[in-house]
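Survey of secondary and tertiary structure
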Amino acid sequence: MDTSLQRYLDEEILPRYEHFDAAHRRTHAEAVIGESRRLAALFCAREELACVAAAYHDLGLEAGRKRHHLRSGELLRADRRLRDWFTEEEIETMAAAAEDHRASAERAPRTLYGRIVAEADRTIDPETILRRTVQYGAAHMPELDRAGQYARFTEHLRRKYGEGGYLRLWLPDPAKQRRLEELRTMMRDEELLRRRFDALYEAERP
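Residues numbered from 1 in each chain as written. Predicted model: local features only at pLDDT ≥ 70, side-chain atom pairs only at ≥ 80, totals over all residues. Heavy atoms only, no water.

Here's the deal with helix α4 (residues 68-78)
The set of residues buried in α4 consists of His68, His69, Ser72, Gly73, Leu75 and Leu76. Taken end-on, α4 shows its buried residues confined to a sector of 160°, consistent with a single buried face. (Buried < 20%, exposed > 50% of the residue type's maximum accessible area, 1.4 Å probe, protein only. Helix = DSSP H or I, 4+ residues; strand = E, 2+ residues; numbered from the N terminus. Arc of directions from axis to C-beta.)

Topic: the pattern of salt bridges
Overall, the coordinates contain 23 salt bridges when judged by the stated rule. Arginine 77 is the partner of glutamate 99 in a salt bridge, and the nearest nitrogen-oxygen pair spans 2.8 Å. One end of the pair, glutamate 99, is in helix α5 (residues 88-99); the other, arginine 77, is in helix α4, with 22 residues separating them in the sequence. Take glutamate 99: its relative accessible area is 14%, and that puts it in the buried class. Between glutamate 127 and arginine 196 there is a salt bridge, with its nearest N and O atoms 2.7 Å apart. (Salt bridge = Lys/Arg side-chain N within 4 Å of Asp/Glu carboxyl O.)

Description of the packing of aromatic side chains
All told, the structure shown has six aromatic pairs when counted by the stated rule. For the ring pair tyrosine 8 and tryptophan 85, a centre distance of 5.6 Å and an interplane angle of 35° mean the geometry is tilted. Taken as a pair, tyrosine 8 in helix α1 (residues 3-13) and tryptophan 85 in the loop between α4 and α5 lie far apart in primary sequence, 77 residues in all. Taking 5.1 Å as the distance between ring centres and 50° as the angle between the ring planes, the aromatic pair formed by phenylalanine 153 and phenylalanine 197 counts as tilted. On the criterion of sequence distance, the pair formed by phenylalanine 153 in helix α8 (residues 146-161) and phenylalanine 197 in helix α10 (residues 190-204) is long-range, its members being 44 residues apart. The class of phenylalanine 153 is buried, set by a relative accessible area of 1%. Every member of this aromatic cluster is reached through a ring pair, and the members are Tyr150, Phe153, Phe197 and Tyr201. Of note, arginine 194 hangs over the ring of tyrosine 150, and the distance from its end group to the ring centre comes to 4.1 Å. (Phe/Tyr/Trp six-rings, centres within 6.5 Å; stacked < 30°, edge-to-face > 60°. Lys NZ or Arg CZ within 6 Å of the ring centre and 35° of its normal.)

Spatial relationships are all this shows, so hold off on functional conclusions.
Given below as structure tokens:
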């Protein structure tokens, strides 16, 4: 990647994630960028387009979660600095990829880059998913007690990652399929899942 572009992302874009909830801070954006880079190489796509779309994919959270994916695309299109490195057509490709990353989207991403960012944002690592689910509940529903948080935790996991859940994997990546099955195996073990929740819940308490 062009060093000046990398510096711009590192110094001007990624710091904007620091005021989001714990599950969506800079470390999350960096992880999505890194996974987008891996997938771009695997599927013969341009690294720069995949990584920039990934860097912007959750910036729209500053306007709220409901339409954050659309706002992320708007922010990318509006960034005049990106014209130093990309054509208008490339910017539109990246903006569409940012818009299409949302896990609950009912249709497939419009381009390969949208599929890459969508897949990169689906962190199929069981421990990371469990931790981020607890963190989200603590940040956005602090009024819930432990029992309420656990109910929300299990319901979210079931709706998103369970058999028939709304999460869709858009690229044929066997490693991710294996990790998703590992998570589903954990979800079927109620005693194990409760132990992991309790440990993570205690770690997130002030």
